[in-house]
Amino acid sequence: MNARRFACFAATFCGAGVLLAAAPATTPRMADGKPDLNGVWDNGGGIDFLKPQTGTNGSVCVTGCAPAAAPAAGAAPAPAPAPVGTARPKYRPEFTAKVDDLKKRQQKEDPVLRCQPPGLPRIGPPDKIVQNAREIIFLYEDVSGPFFRIVPLRAGVKRADDSESYLGDASGHWEGDTLVVETHNFNDLTWLTDDGAFHSNGLKVTERLTRRGDQIEWLAKADDPKVLAEPWQLRPRMMQRTDIEMAEPAPCVEQDLGHMVDDSYHANPR
Amino acid sequence: MARQLASWCVAIAVAGAATVATAHHSLSGQFDVSKSFEVTGVVSRVEWVNPHTQVFVDVKQANGSVVTYKFESLPVAMMRKAGLSKGELAGDGRPVVITAYPSRSGVPTLGYLLHLKLADGREIQFSRVPGAEQP
């Protein structure tokens, strides 16, 4: 067990609880006055439900543990998500049958189950941000592998390849203290989320990142008029700054499907 | 209460910087989740990969031969969130006790890792063992 890691995490997150209870911390800024988004950010990663426990002898319980003790009275509760966004996109009527069919065959059709790139917005908020005045780099540690996105903050950037891609072509600009990232030129090989939520190559995704103290609110909207009845506003995600450096993402090596005896699956709602 | 709070903080504090899929195909589609079996052996290899880490354990048979079992377990990000590393699972060369779901595909040396007892006495519960007491 890496005791130092635990200590750092505990300091980071328990400290964050104190911060949440107190007045918002000052948002650091770059030399050009823009909010400083640099750093490693814990975004929950879809495993917020996981509450590992460590015994005094170093034993570890990862899942199926006894319920964790409730926080002491007076401790800050988790921030309530903003009442916007939905869990699933709404499709035009002529495509609902296709979504239902893909959902039924998810184990065979969901690209993520075969270690394929998750695409956007399914990949979620970045795990690390590297920022300067000209561009912002998003780094991801995903179950499908490592991914990066380059977000130019200036016009006229030439790319080595303008083919449609899994994570598309991004460009960014500031609206006040909010970084707005608009992305298009996607291929149609990814899903917006699980349960057959396919999209076309007409997908456009808009992300809005607003830093307040040691948190960044990540909002995302997916618009695909070819197949969606309306733009899909995802539920907000909150990114919490952490001092734990991002680790090299593990490679994704699918080894299970050959041993499956039926088509059952469970949710994969990122 | 302070100690409980500390435990709670540690429990929530180990959230790693990871974007992960939380789920995959159904475990019950591959393993019999109503049963478990136990073997004792030496961890010979750990594959630190997604979507599931893989732990290989050499188990000595009654006739002296060695059979290698392959155990699937949690994604790397979940391991990291619990503060576990590849080295932690690899052990120190001494025998460990593994409890696992058996495979439904008829492969007797394939399982899903539920519990690992290390030679130094520490235990790692990855998932609850069927019929076991609540830890």
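Check the secondary structure of chain B and you find three helices and six strands. Helices (α) and strands (β) of chain B occur, in sequence order from the N terminus, as α-β-β-β-α-α-β-β-β. Counting only contacts in chain B whose residues sit at least 6 apart along the sequence, the fraction spanning at least 24 positions is 55%.

This part covers the overall build of chain A. A count of helices and strands for chain A gives three helices and 12 strands. Burial status across chain A gives 36% buried among its 270 residues. Taking the contacts inside chain A whose residues are at least 6 apart along the sequence as the reference set, 62% of them involve residues at least 24 apart.

Once that is clear, we can look at the nonpolar core. All names here are of chain A. In this structure, Leu37, Ile136, Ile216, Trp218, Ala220 and Ala222 are the most contacted members of the largest nonpolar core, which totals 34 residues. Of all the elements in the fold, those that place two or more residues in this core are β1 (39–42), β5 (135–142), β6 (145–152), β8 (178–184), β9 (204–212) and β10 (215–223). It is β10 that provides the largest number of residues to this core, a total of five residues. When residues no more than four places from it in sequence are discounted, the contact partners of Leu37 are Ile129, Gln131, Ile136, Leu179, Leu209, Arg211 and Ile216.

A few words on the confidence of the model for chain A. Averaged over all residues, the pLDDT of chain A is 84; the fraction at 70 or higher stands at 79%. Low confidence marks residues 1–23 of chain A, where pLDDT is under 50. Its contacts with residues over four positions away, or in another chain, come to 39 contacts.

Put simply, Leu120 of chain A and Pro121 of chain A share a cis peptide bond, and its omega is 10°. Following the sequence through the fold, Pro121 of chain A ends up in the loop between α3 (106–109) and β4 (128–131). Backbone torsion omega between Asn50 of chain B and Pro51 of chain B reads -5°, so that peptide bond is classified as cis. Of note, Asp195 of chain A is a non-glycine position whose phi angle comes to about 55°, a positive value.

Glancing now at the environment of Gly83 of chain B. Mapped onto the elements, Gly83 of chain B comes out in the loop between α2 (76–81) and α3 (86–90). Put simply, Gly83 of chain B and Gly41 of chain B are 42 residues apart on the chain and 24 Å apart in space, counted from C-alpha to C-alpha.

A few words now on the pairing of β6 of chain A. By the bridge criterion, eight bridges tie β5 of chain A to β6 of chain A in an arrangement that is antiparallel. Along β6 of chain A, the bridge assignment pairs Glu135 of chain A with Pro152 of chain A.

This paragraph deals with the pairing of strand β3 (residues 66–72) of chain B. Residues and elements named next belong to chain B. Pairing of strand β2 (residues 54–60) with β3, which is carried by seven bridges, proceeds in the antiparallel orientation. Each residue of the ladder has a partner; that of Val55, found in β3, is Phe71. In sequence, β2 turns back onto β3 through a hairpin of five residues, with Gly64 there showing a positive phi of about 95°. Taken together, the three bridges between β3 and strand β5 (residues 110–117) define a ladder with parallel strand orientation. The residue bridging Phe71 from the neighbouring strand is Gly111, located in β5.

Residue and element names in this part refer to chain A. Structurally, Cys115 can be placed in the loop between α3 and β4. Cys115 sits in the partly exposed class, given 18 other C-beta atoms within 10 Å. Setting aside anything within four residues of it in sequence, one finds Cys115 in contact with Ser144, Cys252 and Glu254.

All names here are of chain B. On average, residues of chain B carry a pLDDT of 81, and 79% of them reach 70 or more. Below a pLDDT of 50 lies the segment residues 1–23, which in the model reaches 84 contacts outside its immediate sequence neighbourhood of four places, other chains included. With pTM at 0.78, the complex prediction returns an ipTM value of 0.75.

Definitions and limits used
Residues numbered from 1 in each chain as written. Chains lettered and ligands numbered in written order. Predicted model: local features only at pLDDT ≥ 70, side-chain atom pairs only at ≥ 80, totals over all residues. Helix = DSSP H or I, 4+ residues; strand = E, 2+ residues; numbered from the N terminus. Contact = placed C-beta atoms within 7 Å. Buried ≥ 20, exposed ≤ 12 C-beta atoms within 10 Å, placed from the backbone. Core = buried A, V, L, I, M, F, W, Y, C linked by C-beta atoms within 7 Å. pLDDT = per-residue confidence, 0-100. Pairing = 2+ DSSP bridges.

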